[in-house]
Amino acid sequence: MQHGKYRFIVGFLALPLGLYALFVVWPFIQSIYYSFTDWTGLSPEFKMVGFDNYSRMLDDDIFWKSLQHSLLFALLLPVVTIGLALFFAFMINVGGRKRRNGPVITGVRGSGFYKIVYFFPQVLSIAIVALLFAFAYNPDSGAINSLLRGIGLEDVQPLWLGDPDLALWAVMGVLVWSTVGFFVVLFSAGMASIPAEMYEAALLDGANRVTTFFRVTLPLLWDTVQSGWVYMGILALGAESFAVVQIMTTGPGGPDYSTTVMVLYVYQKAFRDGQAAYATTIGVALLVVTLAFAAVVMRLGRRERLEY
């Protein structure tokens, strides 16, 4: 059985690893290389400039603003999204009251309907979601301010995306709304695999919902939560935040760079300003931030694996 084992493994891994190296690893290496040049992205001619782009980046106030916003996204969005998703999934699968002649462990009434409602935003592309909320946030004719006027709050009419103090929070709210359903379904699948006997034993010992969640559900679901945390952080640092900010905000990234994130700044420098080398420099910084975030989450979330 051991004869030719390694040739067999290498034969299966060679093609996928080659494709991964070609389409993932090699572009990263190219980006790092171009960050040491003055390449415009349009001309095949460029020269090496050493660490000039990195020095420029460290003196760039807009870069530091975008870094601050991206870090805020990476820190707050996973906390809020994962927290809401865990609560909703727990109530859908475990949080219901015992019904007569029914199972001891059950979700709230209408849990199947709630699963569909929570997952509905996943059916829509992030671009459609951003457009819908851009209309909803309109200070004059948007649904949110119209609702406030309808309930007698005419004096409370925020500018939302036009207010530098509110715009970033408005964008973050959209990202939470659009992603929480995915994690509800993910955590629901994990909770469904937990044996009902564990919950029944906890209830017999007098545990309430809160105790059951923290002593039974969360420890057994920890690996899924940790993976979801990393995935949500990458979404917040990458494509999801770019799409929402690009479509919803003025500028984009405004007003006054109050919603500019690193991935949007990379796009603007590369395709708007024709500064591809400087854009790749910011991209390298974004790569470092993303890897650091994933490493910190995996390190802090490391714990003994529980089997059941």
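All of these numbers come straight from a predicted model, not from anything done at the bench. (Residues numbered from 1 in each chain as written. Predicted model: local features only at pLDDT ≥ 70, side-chain atom pairs only at ≥ 80, totals over all residues. Heavy atoms only, no water.)

**Regarding the environment of A136**
- Along the chain, A136 falls in helix α5 (residues 126–136).
- What makes A136 buried here is its relative accessible area of 17%.
- A136 sits 10 residues away from S146 along the chain, and the two C-alpha atoms are 9.1 Å apart.
- Each residue touching A136, except ones within four places of it in the same chain, is listed here: G142, A143 and I144. (Helix = DSSP H or I, 4+ residues; strand = E, 2+ residues; numbered from the N terminus. Buried < 20%, exposed > 50% of the residue type's maximum accessible area, 1.4 Å probe, protein only. Contact = heavy atoms within 4.5 Å.)

**Digging into the layout of surface pockets**
- The space that makes up the largest pocket amounts to roughly 540 Å³.
- Lining the largest pocket are 22 residues, and of these S31, V266, A279, T280 and G283 sit closest to its centre.
- Only α1 (5–34), α12 (262–272) and α13 (276–300) provide two or more residues apiece to the lining of the largest pocket.
- Counting residues per element, the lining of the largest pocket draws most heavily on α13, at 7 residues.
- Considered class by class, the residues forming the lining of the largest pocket number 17 nonpolar, 5 polar and no charged.
- Reported here for the second largest pocket is a volume of approximately 230 Å³.
- W229, F293, V296, V297 and L300 are the residues nearest the centre of the second largest pocket, which is lined by 15 residues in total.
- Going through the elements one at a time, α3 (61–93), α10 (222–237) and α13 are the ones with two or more residues in the lining of the second largest pocket. (1 Å grid on protein atoms, 1.4 Å probe; cavity = no way out; pocket = protein on both sides within 12 Å on 5 of 7 lines; lining within 4 Å. Points joined across faces, edges and corners; volume = space filled by probe spheres on them. Nonpolar A, V, L, I, M, F, W, Y, C, P; charged D, E, K, R; others polar.)

**Observations regarding α5**
- By the burial criterion, the buried members of α5 are I126, V129, A130, F133 and A136. Viewed end-on, α5 has its buried residues packed into an arc of 120 degrees, placing them on one side of the element.
- Packed against the buried residues of α5 are α4 (111–123), α6 (143–150), α7 (167–192) and α11 (239–248). (Arc of directions from axis to C-beta.)

**Here we look at a nonpolar patch on the surface**
- Together, L15, L19, Y20, L22, F23, V25, W26 and I29 make up an exposed nonpolar region whose accessible area comes to about 830 Å².
- For W26, the position within the fold is in helix α1. (Patch = residues over 30% accessible without salt bridge, like charges linked within 9 Å, V, L, I, M, F, W, Y side chains within 5 Å. Areas by Shrake-Rupley, 256 points an atom, 1.4 Å probe, with all protein chains shown as cover. Salt bridge = Lys/Arg side-chain N within 4 Å of Asp/Glu carboxyl O.)

**Quick look at the packing of aromatic side chains**
- Counting across every chain of the model gives 23 aromatic pairs.
- Ring centres of F133 and W177 lie 5.2 Å apart, and the angle between their planes is 65 degrees; this geometry places the pair in the edge-to-face category. Of this pair, F133 sits in helix α5 while W177 sits in helix α7, and the two are 44 residues apart along the sequence.
- Centre to centre, the rings of F183 and F187 are 6.2 Å apart; their planes meet at 35 degrees, and the pair counts as tilted. Of this pair, F183 and F187 are both found in helix α7, 4 residues apart, which corresponds to roughly one turn of the helix. The pair F183 / F187 is uniform in exposure class, with both members buried.
- An aromatic cluster is built from F87, F88, F113, Y114 and Y118, whose rings are joined through pairwise contacts. (Phe/Tyr/Trp six-rings, centres within 6.5 Å; stacked < 30°, edge-to-face > 60°.)

**Some remarks on the nonpolar core**
- Counting residues in hydrophobic clusters, the biggest one holds 69 residues, and the most contacted among them are F73, L86 and F187.
- Residue contacts for F73: discarding those within four places in its chain leaves P78, L168, V171, M172, L175, A236, S241 and V261. (Core = buried A, V, L, I, M, F, W, Y, C linked by side-chain atoms within 4.5 Å.)

Purely geometric numbers; function is a separate question.
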